[in-house]
Amino acid sequence: MDEKVLYLQRKLESFPKVSLSVVPTPCHRLRFLSERYGVEVYCKRDDMTGFGFGGNKSRKLEFLVGEALHHHCDALVTCGGIQSNFCRLTAAAAAAYDMSAHLVLGGVRPQRSTGNVLLDEMLGAEIHYVDSPDWNEWERRAERITEEMEARGRKVFRIPVGGSVPVGVAGYTAVFLEILMDQERLGIEFDLIVHATGSGGTQAGLVLGKDLTAWPGRIMGVSVAMERRMIEEKIAELVGETASLFGGRVRRDSIHVDDRYIGPGYAVKTAQGEKAVALFARREGVFLDYVYTGKAAGALLDWLEEGLLAGKRVLFLHTGGLPELFA
């Protein structure tokens, strides 16, 4: 095994961690897309992590909940959009480890609970609604709830939107090592990894893994919320902070984001996203969501149509989010 990979594995093993995900998740060829465009396209199925209705957020939560338990916390507080996958999985992790979960959801309390909200309630989470699309307002409310709980003697572990802090980022660095194992098992070297990027933690973890192992490929995030300059700066900050935990450095020019597929805004459907969701379902038997993976797949389809990926071996990272389809 490569020394850089072995070093990274050992560093990751030193973090407090719980077991949530069923790994490795499948990685398989997308037959229709590969044959239609003459480009080898594969899909890493992190929608199939197996815990709490699946999705890549369990990867981060393994490390975040491990840290919370290490500090003897008895409550998790986080925030997100009303159909937040991260909030749903936080509620599941809290329930599994006998902690209370407090979720700040951006939106109006629905008359009827559907999708992730229904699952949040099934998991016993306490939900606080904030009628605003502003992520900063969600975070301020989460901070107030944390302060109120701590004043009552609770030991709270507060997690920002999407778990995008260094400990959470480390969880996705571990996924990058799994992708390297997928390459070896499949006998293919990917040139490009494409995925949806929201709060930046997933991409930060992948970029960290890429640079610390000297992987020669490119990682392209498709923004679903922030304009390119803002999200690239956030990713750079996250990567820098997390790299310091590993005693390594990351190149700023390893961070690439395409922000042309956001559409009217975060969690708002786009024509390209709807087309991609339908095509993946009907041609590949793979279900995407409209908030994250549908927009990333919309970008992938455009690049394939334009011939920009000719000769490339592409990995599409399916980060999950399926309950949103039933919202």
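The numbers attached to residues start from 1 for each chain and follow its sequence in the written order. Predicted model: local features are reported for residues with pLDDT of at least 70 only, side-chain atom pairs are reported and counted for 80 or more only, and whole-chain, interface and lining totals are derived from all residues. In computing side-chain values, all of the structure's heavy atoms are included and hydrogens and water are not.

## Here we look at the packing of aromatic side chains
By convention, a stacked pair of Phe, Tyr or Trp rings (six-membered ring in the case of Trp) has centres within 6.5 Å and planes under 30 degrees apart, an edge-to-face pair has planes over 60 apart, and any other such pair is tilted. According to the stated counting rule, one finds eight aromatic pairs in the structure shown. Ring plane angle 70° and centroid distance 5.9 Å describe the contact between Phe15 and Phe63, whose orientation is recorded as edge-to-face. In this pair, Phe15 is assigned in the loop between α1 (3–13) and β1 (27–29) and Phe63 in helix α3 (residues 57–70), connecting sequence segments 48 residues apart. Note on exposure labels: buried denotes an accessible area under 20% of the residue type's maximum, exposed denotes more than 50%, and partly exposed covers the range between, all computed with a 1.4 Å probe on protein chains only. Look at Phe15 and you get buried, because its relative accessible area is 15%. We classify Phe63 as buried; its relative accessible area is 2%. Judged by centre distance (5.6 Å) and plane angle (50°), the rings of Phe280 and Phe316 are tilted. A residue pair is termed long-range when its members are at least 10 positions apart, and Phe280 in helix α10 (residues 271–284) and Phe316 in strand β10 (residues 313–318) qualify at 36 residues. For the pair Phe280 and Phe316, a shared accessibility class is recorded, and that class is buried. Here the aromatic cluster, defined as three or more aromatic residues joined through ring pairs, consists of Trp135, Trp138, Tyr266 and Tyr292. Under the DSSP-based scheme used, a helix requires at least four consecutive residues in state H or I and a strand at least two consecutive residues in state E, with every element numbered from the N terminus.

## Points about α3
Between its terminal C-alpha atoms α3 stretches 20 Å, which fits the 20 Å expected from 14 residues at 1.5 Å a residue. Among the 14 residues of α3, twelve are classified as buried, and the element is accordingly described as predominantly covered. Those residues of α3 that sit buried are Lys57, Ser58, Arg59, Lys60, Leu61, Glu62, Phe63, Leu64, Val65, Gly66, Glu67 and Ala68. Backbone geometry just downstream of α3 places His72 in the positive-phi region, at approximately 60°. The span you would expect from a helix comes to 1.5 Å times its residue count less one.

## Description of the packing of α3 against helix α4 (residues 85–96)
Here an axis means a line fitted to C-alpha atoms, over the contact stretch when the element is a helix, while the angle between two N-to-C directions is reported on a 0 to 180 degree scale. Following both chains from N to C, one finds α3 and α4 inclined at 45°, their axes separated by 10 Å at the closest point. Taken together, the axes of α3 and α4 are oblique relative to one another. In this structure, α3 crosses over α4, and the sense of that crossing is right-handed. Residue-level contacts link Lys57, Ser58, Leu61, Leu64 and Val65 of α3 to Asn85, Phe86, Leu89, Thr90 and Ala93 of α4. Polar here means any residue outside two lists: the nonpolar Ala, Val, Leu, Ile, Met, Phe, Trp, Tyr, Cys and Pro, and the charged Asp, Glu, Lys and Arg; Gly therefore counts as polar. For the contact of α3 with α4, the class distribution of residues is six nonpolar, three polar and one charged. For classification purposes, angles smaller than 35 degrees are called roughly parallel, those larger than 145 roughly antiparallel, those between 65 and 115 roughly perpendicular, and all remaining angles oblique. Here is the rule for handedness: rotate from the far helix to the near one, and if that takes an anticlockwise turn smaller than a right angle the crossing is left-handed, while a clockwise turn gives right-handed. What makes two residues a contact is simply this: any of their non-hydrogen atoms within 4.5 Å.

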